[in-house]
Amino acid sequence: MAKIKTINIFGIRGVKDLLTLDLNKKSVLVYGDNGTGKSSLTDAIEWFYTDAVQHLVSEETGSTRGRGALRNLFIHDSDNGYVEIEYADSKLSSKKTINNSLQSSHSNTSNELSSLLANSQSENLILRYSELVKFIIAKKKEKLDRLQDIIGFSQVAELRSLLQKNGNSIARNIKSANYDNQKNVQQSTILENLGRNTHTDEQLFAGVNELIKPLKLGVEIKSRQDINKVLKQIQAKEDTVLLEQINFFTRVWEALSEVEGNVDSIQKSYEEYHRSFIALQKDPEKIKKLQILKLLKEGHAVLKNDVVQDDYCPLCQLEKSKVELLKELNERIEDLEQLAEEKAKLDEQGEELKGFVKPNVGALDNLLKEKLFRKEGYEKLNDQVEEIKKSVNCFTDELKKELIESLAKPEDIEIAKKEMAELAKQAQETAKALTESQSSNIKFQIFTKLDRAARAYVEYRKIEKEQDVLTKQQITFELLYEDFIKRQEEALNVFLTTFSEDINDYYTTMNPNEKVEDVKLVPLKKNGELVGITIEYSFFDETKTPPIAYLSESHINCLGLSFFLASVKAFNKENKFFILDDVISSFDRSHRARFAKLLTDKFADYQVILLTHEHEFFELVSSDVKSKGWSITNFKWSKDSGTGVEKGMLDIKERINKKFESRNTDGLGNDIRVYTEKVMKEVAFNIEAPVAFRYNEINEKRMAPELLDAVHSRISKKGNVLNQIANIPRVKGMPMFIGNTTSHDNDFNESIEDLEVMWEDIKATIHTFYCTECKKFISVKYFDNVSNKIRCGCGKLAHDWKK
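Since the structure is predicted, the reported quantities are computational estimates derived from the model, not experimental observations.

**Overview of the overall build of the chain**
Turning to step 1, where the next piece is worked out: Regarding its fold elements, the chain presents 25 helices and 19 strands.
Turning to step 2, where the next piece is worked out: Of all intrachain contacts in the chain linking residues separated by at least 6 positions in sequence, the fraction that spans at least 24 positions is 67%.
Turning to step 3, where the next piece is worked out: Roughly 40400 Å² of accessible area belongs to the chain as shown, and the carbon and sulfur atoms make up 48% of that amount.

So this is what it looks like as structure tokens:
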């Protein structure tokens with residue numbers, strides 16, 4: 001898996017001059033004040049991998065001399081901006097450039113790099129603060145979609161959706177086609193001309209042989225080809241005009257009979273649509289809420305897509321946390337989901353009605369294309385059919401109406417079924433009369449009946465085959481869908497169980513000894529359908545959901561971070577690094593320390609690029625992460641060079657040592673005091689030294705004397721030898737007096753010699769508790785019950801400890 005050795009950036013975002021970050025496959029903590037351009041590093045790597053920077057998409061990227069938002073505004077037109085990444089595997093190393101025309105290219109065109117970049121599209125490499133809680137506060141359906149996208153289930157979900165969509169579409173087509181009605185119309189034609197119903201070829205041949213007996217042709221019908229031969233043999237050219245009229249009226253009769261058979265289905269469908277429409281319309285509040293729902297969903301999209309990036313409401317312009325805004329929007333949208341479902345049901349009923357109307361209008365359109373309608377004497381019949389078509393089309397016109405409009409009552413737009421039946425009967429009788437007008441011409445009558453019966457049978461078999469094919473397809477899709485759901489849900493449940501274990505592990509690591517535990521992702525079903533995912537957790541031993549209902553913003557952020565880290569472990573198969581860009585802004589102090597510990601303990605084999613503008617956080621964790629092999633870097637910004645790396649940025653311990661080397665007493669006493677407080681918190685935590693209760697952040701801002709007292713009290717009771725070696729009173733005396741005095745404005749002038757004595761005493765005390773081999777403090781969690789010793793992680797540092 002890919003790790004980074006060096007990153008070189010030139011002319012990208014806030015970086016004007018060359019910025020070089022030597023990582024040598026190590027993790028790095030990057031500090032920089034707001035505005036120093038830390039995120040230029042994140043943007044550069046995102047562009048290198050994806051050829052885009054998502055949060056810039058909505059900006060006017062081409063308004064400054066054509067350079068867009070990616071290229072630095074102040075580099076020369078002839079210069080190419082670039083990001084160069086040197087990987088541990090040199091085959092992957094590449095320099096990606098962007099010129100003045102915003103055209104980009106990679107110097108490495110190997111299959112290895114192409115494969116890395118392609119496969120990385122499904123990995124989680126970058127987390128910005130703005131993206132931290134998107135999954136946690138997302139709607140249930142969005143959670144499902146997002147998770148399926150991450151785990152590669154998107155295509156599976158698309159296939160499942162396609163199976164369902166096709167199955168439902170076929171079912172609607174079968175219902176709207178009303179195949180039984182179509183077959184009955186054709187059977188009526190066959191019955192009238194052959195005197196029997198005919199469903200098989202054998203029945204057809206038997207009926208035809210009986211019909212042609214009077215002609216004594218000396219042939220036996222055994223195939224449809226035989227029927228065509230007989231028709232050709234007995235057809236008389238002089239009968240063409242009369243035959244055209246008979247066929248015309250037959251088609252009028254069949255078409256009208258078919259539409260007539262569908263009238264009840266159309267009327268019933270419209271009545272259902274009308275009931276749902278009126279149910280929504282009669283409650284004005286529902287109409288208002290539907291309009292509000294549109295606004296809420298649009299607002300949700302604006303915040304989710306980072307169109308607005310700062311913490312304020314884009315509608316009222318008042319300051320408000322984006323997390324809180326999204327939380328409230330989700331709650332209001334979910335409250336209106338039932339109403340949205342009612343509207344969706346109305347739309348579905350409208351589509352069903354449209355499905356009934358469309359084929360019948362189509363049948364009438366085809367009928368009106370008959371040539372005889374354009375001849376003299378057929379005008380009235382043409383007008384009657386047009387009127388029928390118009391009455392059927394009225395339903396389509398009603399479907400176009402909005403909820404605020406008046407919808408016609410079912411009784412006001414009824415299709416004249418009785419008149420249609422009478423017109424169909426007239427056409428049938430006319431065709432029959434025209435046939436019988438040649439009663440003396442047996443050959444003509446037999447030809448006419450045989451031709452009409454043969455056409456009707458062919459049409460009947462065609463309809464029957466179409467119905468059979470669609471029915472089989474429907475059954476197949478339904479069976480596939482049913483089996484697909486079962487298998488998909490089994491696979492998803494297995495994944496969610498494993499994935500949830502990691503999320504819960506990371507969350508409880510950052511939030512130990514709290515009443516929130518057993519965090520897991522749970523699939524939601526409705527009517528047997530997988531419709532979403534929710535986050536379930538135990539809160540004071542009661543199962544709760546969703547997180548935003550009970551958890552603070554800091555806890556929600558922890559959940560968001562846990563989800564990201566779990567997804568890194570689960571899905572990142574190409575890259576062994578990830579970037580966390582200012583994700584701890586709203587974390588409280590206790591969460592920040594545990595967050596750093598989580599990264600160093602559980603992601604020690606990953607290369608973490610951690611960016612922060614929080615100086616307190618930087619001071620809090622820099623020594624710890626450096627002891628685990630991390631690099632420490634500071635970003636600065638200047639007008640001439642843009643974003644760059646500040647040389648000599650040190651963690652607090654290294655800063656103290658450097659000041660001693662240079663004999664610089666400026667702020668040295670305060671640095672020693674801060675370092676002592678930081679380390680003694682770790683000691684107190686690991687030996688479970690009780691301290692007085694403090695509220696919220698005050699609990700985290702304990703001074704060194706209080707912590708030293710607590711540690712001294714604890715070891716006095718538990719380990720006599722340890723108490724003597726640590727010699728806490730020595731540190732509490734003059735060293736702490738000097739440290740506290742130099743931290744405040746007074747007339748005391750400390751010497752470098754005073755501070756050296758103070759520093760040596762403090763180091764000696766700390767050395768008593770800290771193992772330089774495993775880089776861990778002695779802790780009760782490593783207590784040896786056999787020898788009654790409190791130990792470090794590797795066991796090389798141990799002290800007697802009473803139970």
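There is more to say, and it comes next.
**Regarding the packing of aromatic side chains**
Turning to step 1, where the next piece is worked out: Summed over all chains, the structure comprises 21 aromatic pairs.
Turning to step 2, where the next piece is worked out: Considering the side-chain rings of Phe248 and Phe249, the 5.0 Å spacing of their centres and the 75° angle between planes classify their relative orientation as edge-to-face. The pair Phe248 / Phe249 is uniform in exposure class, with both members buried.
Turning to step 3, where the next piece is worked out: Here Tyr270 and Phe395 contribute two aromatic rings whose centre-to-centre distance is 5.2 Å and whose plane-to-plane angle is 70°, an arrangement assigned as edge-to-face. With Tyr270 in helix H9 (residues 240–281) and Phe395 in helix H13 (residues 379–399), this pair connects stretches of sequence that are 125 residues apart. Comparing Tyr270 with Phe395, the two get one shared label, buried.
Turning to step 4, where the next piece is worked out: Between the NZ or CZ atom of Lys569 and the centre of the ring of Phe603, over which it lies, the distance is 4.4 Å.
Turning to step 5, where the next piece is worked out: Across from the ring centre of Tyr606, 4.2 Å away, lies the NZ or CZ of Lys576, which sits over that ring.

**Considerations on the environment of Phe635**
Turning to step 1, where the next piece is worked out: As for its placement among the helices and strands, Phe635 is situated in strand E13 (residues 631–638).
Turning to step 2, where the next piece is worked out: Remark: the alpha-carbon pair of Phe635 and Gly35, spanning 600 residues in sequence, is separated by 9.9 Å.
Turning to step 3, where the next piece is worked out: Apart from the residues within four sequence positions on either side, Phe635 is in contact with Leu19, Leu21, Val30, Tyr31, Gly32, Thr36, Gly37, Lys38, Leu41, Thr643, Gly644 and Val645.

**Concerning unusual backbone geometry**
Turning to step 1, where the next piece is worked out: For Lys25, which is not a glycine, the phi torsion comes out positive at approximately 70°.
Turning to step 2, where the next piece is worked out: Tracing the chain through its elements places Lys25 in the loop between strand E2 (19–22) and strand E3 (28–31).
Turning to step 3, where the next piece is worked out: Assessed through its relative accessible area of 42%, Lys25 is described here as partly exposed.
Turning to step 4, where the next piece is worked out: Positioned with a positive phi, Lys216 is a non-glycine residue whose angle comes to about 45°.
Turning to step 5, where the next piece is worked out: You can see Lys216 is positioned in the loop between helix H7 (201–212) and helix H8 (224–234).

**Let's talk about the pairing of strand E4 (residues 81–87)**
Turning to step 1, where the next piece is worked out: For E4, the buried fraction is high: 5 of the 7 residues fall into the buried class.
Turning to step 2, where the next piece is worked out: With 6 bridges connecting them, strand E1 (residues 4–10) and E4 associate as antiparallel partners. Residue pairing for E4: Ile7 is matched across the bridge by Ile85.
Turning to step 3, where the next piece is worked out: Here E4 folds back onto strand E5 (residues 94–98), and the loop between the two strands holds 6 residues.

**Re the sheet that holds E3**
Turning to step 1, where the next piece is worked out: Read across the sheet, 6 strands follow the order E7-E11-E12-E3-E13-E14 without closing on themselves; strand pairing throughout is mixed. The open sheet terminates on both sides in strands that have one partner only, identified here as strand E7 (126–128) and strand E14 (642–646). Pairs of neighbouring strands in the sheet enclose a mean axial angle of 20°, with direction left out of account.
Turning to step 2, where the next piece is worked out: The pairing of E3 with E13 spans 4 bridges and is classified as parallel.

**Re the sheet that holds strand E19 (residues 798–800)**
Turning to step 1, where the next piece is worked out: The sheet built from 3 strands is open, its strands ordered E17-E18-E19 with antiparallel pairing. In this open sheet, the two edge strands, each paired with only one partner strand, are strand E17 (779–784) and E19. Strand-to-strand, the axes of this sheet are offset by a mean angle of 40°, without reference to chain direction.
Turning to step 2, where the next piece is worked out: Here 2 bridges tie E17 to strand E18 (residues 789–791), and the two strands are oriented antiparallel to one another. Across the sheet, residue Asp784 finds its bridge partner in E18, namely Lys789.

**Comments concerning the pairing of E1**
Turning to step 1, where the next piece is worked out: Within E1, 6 of the 7 residues are buried, which leaves the element mostly enclosed by the surrounding structure.
Turning to step 2, where the next piece is worked out: With 4 bridges joining them, E1 and E2 adopt antiparallel strand pairing. What sits directly across from Thr6, in E2, is Asp22.

**What to know about helix H19 (residues 652–661)**
Turning to step 1, where the next piece is worked out: Along H19, the residues classified as buried are Ile652, Arg655, Ile656, Lys659 and Phe660. For H19, the arc enclosing every buried residue in end-on projection is 140°, short of the 170-degree limit, so these residues lie on one face.
Turning to step 2, where the next piece is worked out: Elements in contact with the buried residues of H19: helix H18 (615–627), helix H20 (668–686) and helix H25 (752–769).

**Examining the packing of H7 against H8**
Turning to step 1, where the next piece is worked out: Interhelical geometry of H7 versus H8 gives an angle of 25° and a closest axis separation of 10 Å. Taken as axis vectors, H7 and H8 run roughly parallel relative to one another. Taken as a pair, H7 and H8 cross one another with a handedness that is left-handed. When H7 is examined against H8, the residues Asp201, Leu204, Phe205, Val208 and Ile212 are found in contact with a partner set consisting of Arg224, Ile227 and Val230.
Turning to step 2, where the next piece is worked out: Partitioning the contact of H7 with H8 into residue classes produces 6 nonpolar, no polar and 2 charged.

**Focus on helix H21 (residues 704–718)**
Turning to step 1, where the next piece is worked out: Over its 15 residues, H21 extends 21 Å from the first C-alpha to the last, a length consistent with the 21 Å expected when each residue adds 1.5 Å.
Turning to step 2, where the next piece is worked out: Regarding H21, the residues found buried are Ala704, Leu707, Leu708, Ala710, Val711, Ile715 and Lys718. Along the long axis of H21, the arc covered by the buried residues comes to 160°, so they all point the same way.

**Some points on a negative patch on the surface**
Turning to step 1, where the next piece is worked out: Taken together, the side chains of Glu376, Glu379, Asp383, Glu386 and Glu387 make up a negatively charged region of the molecular surface.
Turning to step 2, where the next piece is worked out: Among the structural elements, Asp383 can be located in helix H13.
Turning to step 3, where the next piece is worked out: Given the relative accessible area of 48%, Asp383 is considered partly exposed.

**Here's the deal with the side chain of Asn360**
Turning to step 1, where the next piece is worked out: Within the secondary structure, Asn360 is located in helix H12 (residues 337–367).
Turning to step 2, where the next piece is worked out: The class of Asn360 is buried, set by a relative accessible area of 1%.
Turning to step 3, where the next piece is worked out: Beyond its immediate stretch of four places on either side in the chain, Asn360 contacts Glu258, Val259, Asn262, Ile266 and Val392.

**Structural notes on the confidence of the model for the chain**
Turning to step 1, where the next piece is worked out: Summing up the model confidence of the chain, the mean pLDDT is 83 and the portion of residues at 70 or higher is 87%.
Turning to step 2, where the next piece is worked out: In the predicted structure, residues 59–67 sits below a pLDDT of 50 and forms 21 contacts with residues beyond four places in sequence or in another chain.
Turning to step 3, where the next piece is worked out: Counting interchain partners and residues more than four positions distant, the pLDDT-below-50 stretch residues 695–699 has 1 contact.

**Here we look at the state of the cysteines**
Put plainly, two cysteines are in a disulfide when a covalent bond ties their sulfur atoms together.
Turning to step 1, where the next piece is worked out: The full count for this structure, using the stated rule, is 0 disulfides.
Turning to step 2, where the next piece is worked out: Cys794 carries a free sulfur, and the closest cysteine sulfur to it, the one in Cys792, is 3.6 Å from it.
Turning to step 3, where the next piece is worked out: Given a relative accessible area of 39%, Cys794 falls into the partly exposed group.

**Examining the side chain of Ser27**
Turning to step 1, where the next piece is worked out: Within the secondary structure layout, Ser27 lies in the loop between E2 and E3.
Turning to step 2, where the next piece is worked out: Judged by its relative accessible area of 7%, Ser27 falls in the buried class.
Turning to step 3, where the next piece is worked out: A distance of 2.8 Å separates a polar atom in the side chain of Ser27 from the backbone nitrogen of Val608.
Turning to step 4, where the next piece is worked out: Non-local contacts of Ser27, meaning those with residues more than four positions away in its chain, are made with Tyr606, Gln607, Val608, Trp630 and Ser631.

**Here we look at the environment of Ile535**
Turning to step 1, where the next piece is worked out: In this fold, Ile535 is placed in strand E9 (residues 529–539).
Turning to step 2, where the next piece is worked out: With 24 residues separating them along the chain, Ile535 and Leu559 place their C-alpha atoms 9.7 Å apart.

What counts and what doesn't
Residues numbered from 1 in each chain as written. Predicted model: local features only at pLDDT ≥ 70, side-chain atom pairs only at ≥ 80, totals over all residues. Heavy atoms only, no water. Helix = DSSP H or I, 4+ residues; strand = E, 2+ residues; numbered from the N terminus. Contact = heavy atoms within 4.5 Å. Areas by Shrake-Rupley, 256 points an atom, 1.4 Å probe, with all protein chains shown as cover. Phe/Tyr/Trp six-rings, centres within 6.5 Å; stacked < 30°, edge-to-face > 60°. Buried < 20%, exposed > 50% of the residue type's maximum accessible area, 1.4 Å probe, protein only. Lys NZ or Arg CZ within 6 Å of the ring centre and 35° of its normal. Pairing = 2+ DSSP bridges. Axes fitted to C-alpha atoms, helices over the stretch in contact; angles between N-to-C directions. Arc of directions from axis to C-beta. Parallel < 35°, antiparallel > 145°, perpendicular 65-115°, else oblique. Left-handed = near helix turned anticlockwise from the far one by under 90°. Nonpolar A, V, L, I, M, F, W, Y, C, P; charged D, E, K, R; others polar. Expected span 1.5 Å × (residues − 1). Patch = residues over 30% accessible without salt bridge, like charges linked within 9 Å, V, L, I, M, F, W, Y side chains within 5 Å. Salt bridge = Lys/Arg side-chain N within 4 Å of Asp/Glu carboxyl O. Lys, Arg positive; Asp, Glu negative; His and termini not counted. Charge placed at Lys NZ, Arg CZ, Asp CG, Glu CD. pLDDT = per-residue confidence, 0-100. Disulfide = S-S within 2.5 Å. Polar contact = N/O pair within 3.5 Å; in protein donor to acceptor, adjacent residues only side chain to side chain.

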